[in-house]
Amino acid sequence: MKNPRKRLTSTYFMERYRHFLKDGGVVHLKTDSNFLFTYTTYMTERNSLSVLFRTEDLYHTEGLDAQTATILGIQTYYESQWIERGLDIRYMKFGLPHAGELVEPDIEIPLDDYRSYKRPKRSGLLTSK
């Protein structure tokens, strides 16, 4: 995705989350996208956000607390499609304080090489910032 503003964990969306989350509220990210997961990892590091739990293969990981396990027990239709295709579901939860300016990470990340069913890739790019 070329435009960082469209990413669910960009500074644009994080500022919106701050409006309805209490101070230090928790953001849960569950995704099949390695790009989004990697981007969010760099975002949390760059902004010193506290990562409470992180796994690259949610359904083969132990150690989830009961509340998180209940939240993640819901599997969407699309998620089951990705799993059938052999893609891992990644998960991260992190705290989002109200204070402090958020900054985008400045790093090249390889774009995902797969697409939704019958959806063409719109760009010839291999990486994005």
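This is a predicted model, so every value here is computed, not measured. (Residues numbered from 1 in each chain as written. Predicted model: local features only at pLDDT ≥ 70, side-chain atom pairs only at ≥ 80, totals over all residues. Heavy atoms only, no water.)

Chemist: It is not clear to me how the overall build of the protein chain should be interpreted in this structure. Could you clarify?
Modeler: A count of helices and strands for the protein chain gives four helices and five strands. Each helix and strand of the protein chain, ordered N terminal to C terminal, gives the series α-β-α-β-α-α-β-β-β. Counting every position in the protein chain, which comprises 129 residues, the buried fraction comes to 36%. Within the protein chain, contacts between residues separated by at least 24 positions form 75% of all contacts whose residues are at least 6 apart in sequence. Accessible area of the protein chain: about 8300 Å², with a carbon and sulfur share of 53%. (Helix = DSSP H or I, 4+ residues; strand = E, 2+ residues; numbered from the N terminus. Buried < 20%, exposed > 50% of the residue type's maximum accessible area, 1.4 Å probe, protein only. Contact = heavy atoms within 4.5 Å. Areas by Shrake-Rupley, 256 points an atom, 1.4 Å probe, with all protein chains shown as cover.)

Chemist: Could you clarify how one ought to interpret the pattern of salt bridges in this entry?
Modeler: Between side chains of opposite charge, a pair can form as their charged atoms come close. Counted according to the given criterion, the structure contains four salt bridges. Note that Glu 56 and Arg 54 form a salt bridge whose closest N and O atoms lie 3.5 Å from each other. For Glu 56, a relative accessible area of 40% gives the class partly exposed. Arg 54 gets classed as partly exposed once you look at its relative accessible area, which sits at 38%. (Salt bridge = Lys/Arg side-chain N within 4 Å of Asp/Glu carboxyl O.)

Chemist: Which parts of the structure should I look at to understand the side chain of Thr 44?
Modeler: Within the secondary structure layout, Thr 44 lies in helix 2 (residues 34–46). Take Thr 44: its relative accessible area is 3%, and that puts it in the buried class.

Chemist: Please clarify how the sheet that holds strand 2 (residues 51–55) should be interpreted in this entry.
Modeler: Through backbone hydrogen bonds, the strands of a sheet pair up, either in parallel or in antiparallel fashion. The strand order across the open sheet built from three strands is 1-3-2, with neighbouring strands paired in antiparallel fashion. Edge positions in the sheet fall to strand 1 (25–31) and strand 2, since each has one partner strand and no second. Between one strand axis and the next, the sheet turns by 15 degrees as a mean value, whatever way the strands run. (Pairing = 2+ DSSP bridges. Axes fitted to C-alpha atoms, helices over the stretch in contact; angles between N-to-C directions.)

Chemist: How do you make sense of the confidence of the model for the protein chain when you look at a structure like this?
Modeler: In low-pLDDT regions, the fine details of the predicted coordinates are not to be read closely. Confidence in the prediction for the protein chain averages 85 pLDDT; 86% of positions are at 70 or higher. Considering each helix and strand of the protein chain separately, the mean pLDDT is smallest for strand 5 (residues 127–128), with a value of 60, and largest for helix 1 (residues 11–20), with 96. (pLDDT = per-residue confidence, 0-100.)

Chemist: Would you explain the pairing of strand 1 in this entry?
Modeler: Regular strands place their side chains on alternate faces of the sheet. Covered by surrounding structure in strand 1 are Gly 25, Val 27, Leu 29 and Thr 31 only, the residues Val 26, His 28 and Lys 30 on the alternate face being uncovered. In this sheet, strand 3 (residues 90–96) lies alongside strand 1 in antiparallel orientation, the contact comprising seven bridges. Bridge assignment links Gly 25 to a residue of strand 3, and that residue is Leu 96.

Chemist: How should the nonpolar core be read in this particular structure?
Modeler: One broad rule of soluble globular proteins: the nonpolar side chains tend to lie buried together. Of all hydrophobic cores here, the largest spans 17 residues; its most connected members are Met 14, Tyr 17, Val 27, Leu 49, Phe 94 and Leu 96. When contributions to this core are tallied by element, the ones reaching two or more residues are helix 1, strand 1, helix 2 and strand 3. Broken down by element, the residue count for this core peaks at five residues, all from helix 2. Formed by six residues, the second largest nonpolar core is a distinct cluster that contains Phe 53, Leu 58, Leu 72 and Trp 82. (Core = buried A, V, L, I, M, F, W, Y, C linked by side-chain atoms within 4.5 Å.)

Chemist: Help me out: how do you make sense of helix 2 in this one?
Modeler: Helical geometry note: an α-helix holds 3.6 residues per turn, so side chains three or four residues apart project in the same direction. Along its 13 residues, helix 2 runs 18 Å from first to last C-alpha, staying within 8% of the 18 Å computed at 1.5 Å per residue. Restricting attention to buried positions, one finds in helix 2 the residues Phe 35, Leu 36, Phe 37, Tyr 39, Thr 40, Thr 41, Met 43 and Thr 44. One or two positions beyond helix 2, positive phi appears at Ser 48, with a value near 50 degrees. (Expected span 1.5 Å × (residues − 1).)

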